[in-house]
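Spelled out, the chains give:
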Amino acid sequence: MEVKKYEKVDLARQSGLFMNIGLIVALGLCLLAFEWKSYDDLSQVEYEAQAVETEELIEIPITEMPPPPPPVIQQPEIVEVPDEEEIKEELVNLDTEITPETVVAPPAPPAPAAPVVEEEETNEIFQVVENQPAPVGGYEAFYKYIGKNIKYPDQARRMGVEGKVFVQFVVDKDGSITDVNVLKGIGSGCDEEAIRVVKSAPKWTPGKQRGRPVRVRMSVPIAFKLG
């Protein structure tokens with residue numbers, strides 16, 4: 001049996017139209033979704049604004065401190081003072097006669113002078129003093145005496161020994177030469193000859209410390225040279 005199709009009720013022919021309508025509806029819904037705006041509850045916003053305004057309008061009262069009480073002025077107590085006693089002035093009678101019985105106090109004796117402590121003499125031997133000892137006439141006169149009185153030892157002459165003998169001695173308080181010895185010698189009889197000639201030398205001017213003569217240790221070189 002053959003089914004007859006009517007063109008008016010044939011839905012296949014209307015498919016393009018339905019498709020276009022569906023697209024238009026979908027596009028409209030998309031645009032509506034994008035343009036849709038949501039609004040907050042205005043009543044809640046107005047309430048919060050009113051609360052803020054209310055808080056701002058609250059005035060804080062100014063606290064006034066009461067003024068301090070005035071200081072209590074204490075009146076000074078008035079004490080009655082009795083009348084001052086009259087002071088009797090003793091008048092010196094200038095007409096009093098001086099009699100031998102009048103006692104005059106003797107003047108006070110002067111205070112005794114402090115005892116002068118004398119410095120004890122010392123035998124200490126100094127190395128350096130304020131005024132160093134020196135030969136009478138200077139060192140030139142001393143070495144001139146050495147040159148005239150020294151004798152070249154025969155042993156040293158035979159062996160050809162030459163050099164300097166350093167002699168150490170002490171110039172005493174009176175200028176005499178004591179404690180003569182050799183610091184550095186050359187031997188061959190030269191050391192003994194140097195000691196002998198220094199011991200026999202004339203007195204020196206003694207050294208002084210604080211203006212007082214003291215003992216001072218000295219040293220001089222004695223040269224031995226073959227002519």
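Along each chain, residue indices are assigned from 1 in the same order as the chain's sequence is written. Two thresholds apply to this predicted model, a pLDDT of at least 70 for residue-level local features and 80 or more for giving and counting side-chain atom pairs, whereas whole-chain, interface and lining totals are computed over all residues. Values shown for side chains rest on all heavy atoms present in the structure; no hydrogens or waters enter the calculation.

Peer 1: I tried to follow the pairing of strand β7 (residues 212-224) on my own but got confused; where do I start?
Peer 2: Moving residue by residue along a regular strand, the side chains alternate between the two faces of the sheet. Any two strands between which DSSP finds at least two bridges are classified as paired. Each helix is a run of H or I in the DSSP string that is no shorter than four residues. Each strand is a run of E no shorter than two, and both are numbered from the N terminus. As paired elements, strand β1 (residues 125-126) and β7 share two bridges and run parallel to each other. Each residue of the ladder has a partner; that of F126, found in β7, is V216. Relative to β7, strand β3 (residues 163-171) runs antiparallel, the two being bridged by nine bridges. From the neighbouring strand, V165 faces β7, where its bridge partner is I222.

Peer 1: So what exactly am I meant to see when it comes to the packing of aromatic side chains here?
Peer 2: Two descriptors summarise a pair of aromatic rings, namely the distance from one centre to the other and the angle between the planes of the rings. Two aromatic rings from Phe, Tyr or Trp, using only the six-membered ring of Trp, form a pair when their centres are within 6.5 Å; if the ring planes differ by under 30 degrees the pair is stacked, by over 60 it is edge-to-face, and anything between is tilted. Counted under the stated rule, the structure contains five aromatic pairs. Residues F142 and Y143 carry aromatic rings whose centres are separated by 5.4 Å and whose planes lie at 75° to one another, so their mutual orientation is edge-to-face. The buried category is assigned to F142, whose relative accessible area is 4%. Overall, the relative accessible area of 35% leaves Y143 in the partly exposed class. Remark: exposure states derive from per-residue accessible area (1.4 Å probe, protein chains only) relative to the maximum for the residue type, with buried under 20%, exposed over 50%, and partly exposed in between.

Peer 1: Can you walk me through the environment of Q132 in this structure?
Peer 2: Its place among the elements puts Q132 in the loop between β1 and β2 (134-135). Judged by its relative accessible area of 38%, Q132 is partly exposed. Each C-alpha atom, one on Q132 and one on V171, is 9.9 Å from the other, the two residues being 39 residues apart in sequence. Those residues in contact with Q132 that lie beyond four places of it in its chain are Q127, G207, V216 and M218. Of the polar contacts made by the side chain of Q132, one reaches the backbone nitrogen of V129; its length is 2.9 Å. Should any heavy atoms of two residues lie within 4.5 Å, those residues are counted as being in contact. Counted as a polar contact is a pair of N or O atoms within 3.5 Å, where, for protein atoms, one must be capable of donating a hydrogen and the other of accepting one, and residues adjacent in sequence contribute only when both atoms are in side chains.

Peer 1: When you look at the pairing of β3 in this model, what are you seeing that I'm missing?
Peer 2: With five bridges connecting them, β3 and strand β4 (residues 177-184) associate as antiparallel partners. Within the sheet, the bridge partner assigned to V167 lies in β4 and is V182. Hairpin connection, β3 to β4: the antiparallel pair is bridged by five residues, and G175 has positive phi, about 95°.

Peer 1: Would you explain the packing of helix α3 (residues 139-149) against helix α5 (residues 190-199) in this entry?
Peer 2: When two helices pack together, their arrangement is given by the angle between the helix axes and by the axis-to-axis distance. Contact pair α3 / α5: the axes reach a minimum separation of 10 Å and the direction vectors enclose 125°. Relative to α5, the element α3 is oriented oblique. α3 and α5 meet at a crossing whose hand is right-handed. The segment α3 lies against α5, with Y145, I146 and N149 engaging E193, R196 and V197. Residues belonging to the contact of α3 with α5 are distributed by class as follows: three nonpolar, one polar and two charged. To define axes, lines are fitted to C-alpha atoms, for helices over the stretch in contact only, and angles between the resulting N-to-C directions are given on a 0 to 180 degree scale. Oblique is the label for every angle not falling under 35 degrees (roughly parallel), over 145 degrees (roughly antiparallel), or within 65 to 115 degrees (roughly perpendicular). Each helix crossing is assigned a hand: it is left-handed if the near helix lies turned anticlockwise from the far helix by less than a right angle, otherwise right-handed if that turn is clockwise. Just so you know the grouping, Ala, Val, Leu, Ile, Met, Phe, Trp, Tyr, Cys and Pro go in nonpolar, Asp, Glu, Lys and Arg go in charged, and all remaining residues, Gly too, go in polar.

Peer 1: What should I look at first to understand the side chain of S188 in this one?
Peer 2: For S188, the location among the structural elements is in the loop between β4 and α5. S188 sits in the buried class, given a relative accessible area of 17%. Beyond its immediate stretch of four places on either side in the chain, S188 contacts P153, Q155, A156, M159 and V161.

Peer 1: Help me understand the nonpolar core in this model?
Peer 2: General note: in soluble globular proteins, nonpolar side chains tend to be found buried as a group. Each nonpolar core is a collection of buried residues, namely Ala, Val, Leu, Ile, Met, Phe, Trp, Tyr and Cys, held together in the definition by side-chain atoms within 4.5 Å. Counting 26 residues, the largest nonpolar core has V167, F169, I177, V198, W204, I222 and F224 as the members making the most contacts within it. Here the element with the most residues in this core is β7; it accounts for six residues. Each residue touching V167, except ones within four places of it in the same chain, is listed here: V180, N181, A194, V198, M218, S219, V220 and I222.

Peer 1: Would you take a moment to explain the UniProt feature "transmembrane region" (unreviewed entry) in the protein for this structure?
Peer 2: UniProt positions are given in the numbering used here, feature names are shortened, and annotations may be inferred rather than shown by experiment. Look at the UniProt record and you will see "transmembrane region" (unreviewed entry) annotated at residues 15-34. When the span residues 15-34 is considered, its composition is 100% helix and 0% strand, and the gap between its end C-alpha atoms is 29 Å.

Peer 1: Hey, could you run me through the side chain of R215 in this one?
Peer 2: Position of R215 among the secondary structure elements: in strand β7. Residue classification places R215 among the buried residues on the basis of a relative accessible area of 16%. One polar contact links the side chain of R215 to the main-chain carbonyl oxygen of N123, over a distance of 3.4 Å. When neighbours within four sequence positions are excluded, R215 is seen to be in contact with N123, E124, I125, F126, V170, V171, D172, K173, T178 and D179.

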